[in-house]
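# Structural features, examined
Spelled out from the first residue to the last, the chains are:
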Amino acid sequence: MGQLVLDKISKRYGSSSEVIKPLDLTVSDGEFVVVVGPSGCGKSTLLRMVAGLEEISEGEMRIDGVCVNDDSPSERGIGMVFQSYALYPHMTVYQNMAFALEMAKRPAKEIDDKVRASARILQLENLLDRRPKDLSGGQRQRVAIGRAIVREPSLFLFDEPLSNLDASLRVQMRMEIAALHKRINATILYVTHDQVEAMTLADRIVVLNQGHIEQVGSPLELYDRPANLFVAQFIGSPKMNLIAGALVETGERQTIVDLENRQRIALPIETLRAKVGDRVWLGIRPEHVSLIDLAKADVEGEVLFVEQMGNETLLYVNGGYGSEPLVTRLTSRQEVAPDQRLGLHLPPERCYLFDEAGLAFARL
Ligand SMILES: Nc1ncnc2c1ncn2[C@@H]1O[C@H](COP(=O)(O)OP(=O)(O)OP(=O)(O)O)[C@@H](O)[C@H]1O
Ligand SMILES: [Mg+2]
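I will try to describe carefully the structure that is included in this document. Note that residues are indexed from 1 along each chain, following the sequence as it is written. For naming, the first written chain is A and the first written ligand is 1, with later ones following in the order written. Given that the model is predicted, a residue must reach a pLDDT of at least 70 before its local features are reported, and side-chain atom pairs must reach 80 or more before they are shown or counted; all residues, however, enter totals for whole chains, interfaces and linings. To obtain the side-chain values, all non-hydrogen atoms of the structure were used and water was disregarded.

## Examining the environment of Arg 174
Definition in use: Starting at the N terminus, helices and strands are each numbered in turn, a helix being any DSSP run of H or I of at least four residues and a strand any DSSP run of E of at least two. Only protein chains enter the area calculation, which uses a 1.4 Å probe; residues under 20% of their type maximum are buried, those over 50% are exposed, and those in between are partly exposed. Contacts between residues were defined by any pair of non-hydrogen atoms, one from each residue, lying within 4.5 Å.
Considering the arrangement of structural elements, one finds Arg 174 in helix α6 (residues 167-184). By relative accessible area, Arg 174 is classed as buried at 18%. In sequence terms Arg 174 and Phe 230 are 56 residues apart; their C-alpha atoms lie 26 Å from each other. Arg 174 has contacts with Leu 162, Val 196, Glu 197, Thr 200 and Leu 201, leaving out every residue within four places of it along the chain.

In structure tokens form, the structure reads like this:
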């Protein structure tokens, strides 16, 4: 009871350009879909269109096969947690959470049970009598989640619901949302800036950029096989390293690239659609760049910064490529001094290749 179909829906405010370009997306019944993308790309607008709070300029939206373009928010029966919380200021936490159930004229006992059960999950039991203005940002955020989950709607929209929580509460709430999804098997559309939330919660991730979808896929599909440079650099943190280069040999099973440091590297990548001399980008994730003797290095350079995280070490190496340092992520502790000269190895089977327009070449 919760399949959502977006059929070429778009959004335009007044005479401005399209904030959401004609966009197709089907979220299956019970599926957890996470939307990610840079600030201002249209994530909240998209959610508000689904909720019925923003008019759909063109296209059709269907829930379980029925067009709901003209339905009011309450007719759509969707639970939404807003980025701005939108709590009722004159009501207590308890009243905020009970409100929707009271409007639906549920029995008092059921309302009380559901509010208290949600308050326990969200660690709000001691705050039920407070008003929103007397709560911290993270507490308000949890009330907003509580207000949506007590109704157990078949379709949930979450707009960055955990952004104001501290690290440990965020992990707990992440697990609660995963458990909630499992328990009531709701269809969920969830916006976040947090890579870990996106990777761990999503059945599929939608990468949105300037109002259009760059790629949709399972978290590991996007991580392992990004369709283009934008997705490659957006999914994964620290982001994928890029080195400019030019093709010196194209092929079906092997491609040879000259990097801008004049090193030559052979990659198991298919480049039949390109031609010798084409400019390309070689990409490699920080965790795949390893240290090697200077004599055997694919890239060498001085260490600019060292970040010791305790469980891993991030090294920023000036490889001589434009302004962006190459980042290496090592799980071992490394005693490395700034300015030390290091050799880096780029394992060919771990490298990605993109054409000048940013489209990925197929890896074997
Ligand atoms: N009422 C409006 N009139 C005109 N433009 C608007 C209106 N509301 C939003 N926009 C514009 O639409 C674009 C998308 O905004 P939206 O709030 O959807 O972004 P977002 O992806 O949610 O960003 P963030 O990650 O910062 O929350 C932005 O450029 C914003 O300025
Ligand atoms: Mg937003």
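## Describing the packing of helix α3 (residues 93-103) against helix α5 (residues 137-149)
Quick reminder of the rule: Axes, fitted as lines to C-alpha atoms, cover a helix only where it is in contact. Angles between the N-to-C directions of the axes lie from 0 to 180 degrees. In this scheme, roughly parallel covers angles under 35 degrees and roughly antiparallel covers those over 145, while 65 to 115 is roughly perpendicular and the rest are oblique. Take the far helix as the reference: if the near one is turned anticlockwise from it by less than a right angle, the crossing is left-handed, and if turned clockwise, right-handed. In this classification, Asp, Glu, Lys and Arg are treated as charged, Ala, Val, Leu, Ile, Met, Phe, Trp, Tyr, Cys and Pro as nonpolar, and every other residue, Gly included, as polar.
Remark: α3 packs on α5, axes separated minimally by 7 Å, with the N-to-C direction vectors making an angle of 30°. As summarised for this structure, α3 and α5 are arranged roughly parallel, according to the angle between their axes. Where α3 crosses over α5, the two elements pack in a sense that is right-handed. Across from Val 93, Asn 96 and Met 97 in α3, the residues of α5 making contact are Val 143, Gly 146 and Arg 147. Looking at the contact of α3 with α5, its residues break down into three nonpolar, two polar and one charged.

## Looking at the site of ligand 1
The criterion, for reference: In these notes, residues near a molecule or strand are those with any non-hydrogen atom within 4 Å of it. Note that accessible areas follow from Shrake-Rupley with a 1.4 Å probe, and for residues the cover is restricted to the protein chains shown.
Taken together, 13 residues sit near ligand 1, with Ser 39, Gly 40, Lys 43, Ser 44 and Thr 45 positioned nearest. Protein contact buries 58% of the 640 Å² of open area that ligand 1 shows by itself. Tallying contributions element by element places helix α1 (residues 43-51) first for the shell around ligand 1, with three residues.

## Here we look at the sheet that holds strand β8 (residues 187-191)
How we decide: Two strands qualify as a pair provided that DSSP identifies no fewer than 2 bridges between them.
Within the open sheet, the six strands sit side by side as β6-β7-β8-β3-β9-β10. Their pairing is mixed. With one partner strand each, in any of the chains shown, β6 (78-81) and β10 (212-217) form the two edges of the open sheet. Sheet twist, expressed as the mean angle between neighbouring strand axes with direction ignored, is 15°. Sheet analysis places strand β7 (residues 155-159) next to β8, joined by five bridges and oriented parallel. Counterpart to Phe 158 in the pairing with β8 is Tyr 190. Strands in contact with α1 are β3 (32-36), β6, β7, β8 and β9 (204-209); relative to β7, the strand with the most contacts, it is inclined by about 155°. Along the sheet face, α5 touches β6 and β7 and points at about 175° away from the line of β6.

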